[in-house]
Amino acid sequence: MSRLYLVGTPIGNLGDLSPRAVEVLGGVDFIAAEDTRVTLKLLNHFGIKKPLVSYYAHNLRERGQVIVARILAGERCAIVTDAGMPCISDPGEDLVRLCAEAGVPVEAVPGPSAAVTALAVSGLPTSRFAFEGFLSVKRNSRTAHLAQVKDDPRTLIFYEAPHKLLATLNDLLEAFGNRRISLARELTKLHEEVRRTTLSEAVEWYAEHPPRGEFVLVVEGAQVRLDEPPTLEEAVELVQALAAGGMSLSDAAKEAARQTGYKKGELYKHSLNVPVPEQEG
Ligand code: SAM
């Protein structure tokens, strides 16, 4: 049945192309590729011969319409990018939207993504994270972006090109202060490396050792300042206030226990020794 397949491709190691991805790429009518030369190498490696159309940042508007029309006419198309998952800082988002609008089924054939792979090996909290992609090269947008995420407690993930890495590390240090960072370089490739350090140490290191290869930056989120838990004295005061408002001492202790985390019996016992303030009126 005609549809669009989103096919994840390796971020380095060709062994990461799944058997299902090979099957789907071999079974579609045509493949939309970010760079047809890069995809041709991948297809040749797996002995797949398919017509390719280029689909990249500067032609996606008109090319997207053509691709959707072909799928609506009964063809099956796979979209791939140079590496990783389509749509993640890569072409694809627009095509998926067009397909959704036209009622064309979209099926994912998931593969590796540098962002999630770098997060997994970072050693930083993984339960909540925010993918921030590439920072803009425009100074104003860059500063605004960093200001927007500065107080985000989630682990932050950025992509960066090696020649901009040092400037970006300096900007992160200036915007966030000295946080922990994990720099994942050349994941799944021969020179794979994960450097778990701090922003200031990373700045020093890369000022001395010019970065090479592809990088993902995984940065610790903002520290959340939890409110101080109430003291026992404050919790007992709450029991007194609730009792003064008309609750029985037992109910007041129960409610204060719920609000403060202290045990009801403990609050009740301490409250017995404190005279209940007179009710007003
Ligand atoms: N769609 C891709 C994905 O799902 O990972 C990302 C494409 S984006 C244009 C390219 C960026 O991903 C690179 O600049 C780098 O930040 C990161 N990247 C891709 N492959 C990588 C690798 N093997 N190791 C580290 N980072 C990588």
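In this report, the structure presented in the accompanying data block is examined. (Residues numbered from 1 in each chain as written. Predicted model: local features only at pLDDT ≥ 70, side-chain atom pairs only at ≥ 80, totals over all residues. Heavy atoms only, no water.)

### Section: the sheet that holds strand β7 (residues 155-160)
In spatial order, the strands read β6-β7-β10-β8-β9; together these 5 strands make up an open sheet with mixed pairing. Pairing within the sheet leaves two strands with one partner each, and these edge strands are β6 (129-134) and β9 (193-198). Adjacent strand axes in the sheet meet at a mean angle of 20° when their direction is disregarded. Relative to β7, β6 is paired through 5 bridges, and the arrangement is parallel. In the sheet register, Phe131 faces β7, and the bridge partner there is Ile157. Sheet strands touched by helix α6 (residues 139-149): β6 and β7. Its angle to β7, the strand with the most contacts, is close to 160°. (Pairing = 2+ DSSP bridges. Helix = DSSP H or I, 4+ residues; strand = E, 2+ residues; numbered from the N terminus. Axes fitted to C-alpha atoms, helices over the stretch in contact; angles between N-to-C directions. Contact = heavy atoms within 4.5 Å.)

### A look at the packing of aromatic side chains
Summed over the entire model, instances satisfying the criterion amount to 3 aromatic pairs. Pairing Phe131 with Tyr159 gives two aromatic rings, centres 5.1 Å apart and planes at 70°, and the pair type is edge-to-face. A residue pair is termed long-range when its members are at least 10 positions apart, and Phe131 in strand β6 and Tyr159 in strand β7 qualify at 28 residues. Residue classification places Tyr159 among the buried positions, given a relative accessible area of 9%. Aromatic side chains Tyr206 and Phe215 sit 5.7 Å apart centroid to centroid with 90° between the ring planes, which places their arrangement in the edge-to-face category. This pair shows no difference in class: Tyr206 is buried, exactly as Phe215 is. Through a chain of ring-to-ring contacts, three or more aromatic side chains come together here, namely Phe131, Phe134 and Tyr159. One cation-aromatic arrangement involves Arg70 over Phe30; the distance from NZ or CZ to the ring centre is 3.7 Å. Its guanidinium or amino end placed over the ring of Phe176, Arg179 lies 4.4 Å from that ring's centre, counting from NZ or CZ. (Phe/Tyr/Trp six-rings, centres within 6.5 Å; stacked < 30°, edge-to-face > 60°. Buried < 20%, exposed > 50% of the residue type's maximum accessible area, 1.4 Å probe, protein only. Lys NZ or Arg CZ within 6 Å of the ring centre and 35° of its normal.)

### Looking at the nonpolar core
Residues Phe158, Leu169, Leu172, Phe176, Ile181, Leu183 and Leu217 are the most contacted members of the largest nonpolar core, which totals 19 residues. For this core, the secondary structure elements donating two or more residues are α6, β7, α7 (165-176), β8 (180-185), α8 (199-208) and β10 (215-219). Listed in part, the 16 residues of the second largest apolar core include Ala32, Ile67, Ile71 and Ile79. (Core = buried A, V, L, I, M, F, W, Y, C linked by side-chain atoms within 4.5 Å.)

### What about helix α3 (residues 60-72)?
With 13 residues, α3 ought to run about 18 Å at 1.5 Å a step, and its terminal C-alpha atoms sit 18 Å apart, in line with that. Looking only at α3, the buried set comprises Leu60, Gly64, Ile67, Val68 and Ile71. The arc that holds every buried residue of α3, seen down its axis, measures 100°, which confines them to one face. In this fold, the buried residues of α3 make contact with β1 (4-7), β2 (30-33), β3 (52-54), β4 (77-80) and α4 (93-102). (Expected span 1.5 Å × (residues − 1). Arc of directions from axis to C-beta.)

### What to know about the site of the ligand
In the vicinity of the ligand lie 19 residues, with Ile88, Asp90, Ser113, Ala114 and Phe215 positioned nearest. One of the backbone nitrogen or oxygen atoms of Met85 is found 2.9 Å away from a nitrogen atom of the ligand. For the ligand, an oxygen atom lies 2.5 Å from a polar atom in the backbone of Phe215. Notes on the ligand: free accessible area 570 Å², of which the protein chains cover 91%. According to the grid-proximity analysis, the pocket containing the ligand is the largest pocket. Counting residues per element, the ones that place at least two in the shell around the ligand are β7 and β10. Its residues assigned to classes, the shell around the ligand shows 11 nonpolar, 3 polar and 5 charged. (Near = heavy atom within 4 Å. Polar contact = N/O pair within 3.5 Å; in protein donor to acceptor, adjacent residues only side chain to side chain. Areas by Shrake-Rupley, 256 points an atom, 1.4 Å probe, with all protein chains shown as cover. 1 Å grid on protein atoms, 1.4 Å probe; cavity = no way out; pocket = protein on both sides within 12 Å on 5 of 7 lines; lining within 4 Å. Sits in = over half its atoms within 2 Å of the grid points. Nonpolar A, V, L, I, M, F, W, Y, C, P; charged D, E, K, R; others polar.)

### With respect to the layout of surface pockets
The computed volume of the largest pocket comes to approximately 450 Å³. The wall of the largest pocket is formed by 22 residues, among which Ala83, Ala114, Phe134, Tyr159 and Glu214 lie closest to the centre. Along the lines of polarity and charge, the residues of the lining of the largest pocket split into 13 nonpolar, 3 polar and 6 charged. (Points joined across faces, edges and corners; volume = space filled by probe spheres on them.)

### Concerning the pattern of salt bridges
The tally for this structure, following the rule as stated, stands at 17 salt bridges. Glu107 is the partner of Arg20 in a salt bridge, and the nearest nitrogen-oxygen pair spans 3.1 Å. Of this pair, Arg20 sits in helix α1 (residues 19-27) while Glu107 sits in strand β5 (residues 106-109); the two residues are 87 residues apart in sequence, bridging distant segments of the chain. The salt bridge involving Arg70 is made with Glu75; its shortest N-O contact spans 2.7 Å. (Salt bridge = Lys/Arg side-chain N within 4 Å of Asp/Glu carboxyl O.)

### Some points on the sheet that holds β2
On the basis of which strands lie adjacent, the open sheet formed by 5 strands has the order β3-β2-β4-β1-β5 and parallel pairing. The two strands at the open ends of the sheet, each matched to only one other strand, are β3 and β5. Pairs of neighbouring strands in the sheet enclose a mean axial angle of 25°, with direction left out of account. One ladder, built from 3 bridges, connects β2 with β3; its direction is parallel. Across the sheet, Ala33 pairs through a bridge with Ser54, a residue of β3. Relative to the sheet, α1 contacts β1, β2, β4 and β5, its axis offset from that of β5 by approximately 135°. Packing of α4 onto the sheet brings it into contact with β1, β4 and β5, and relative to β1 it is tilted by some 155°.

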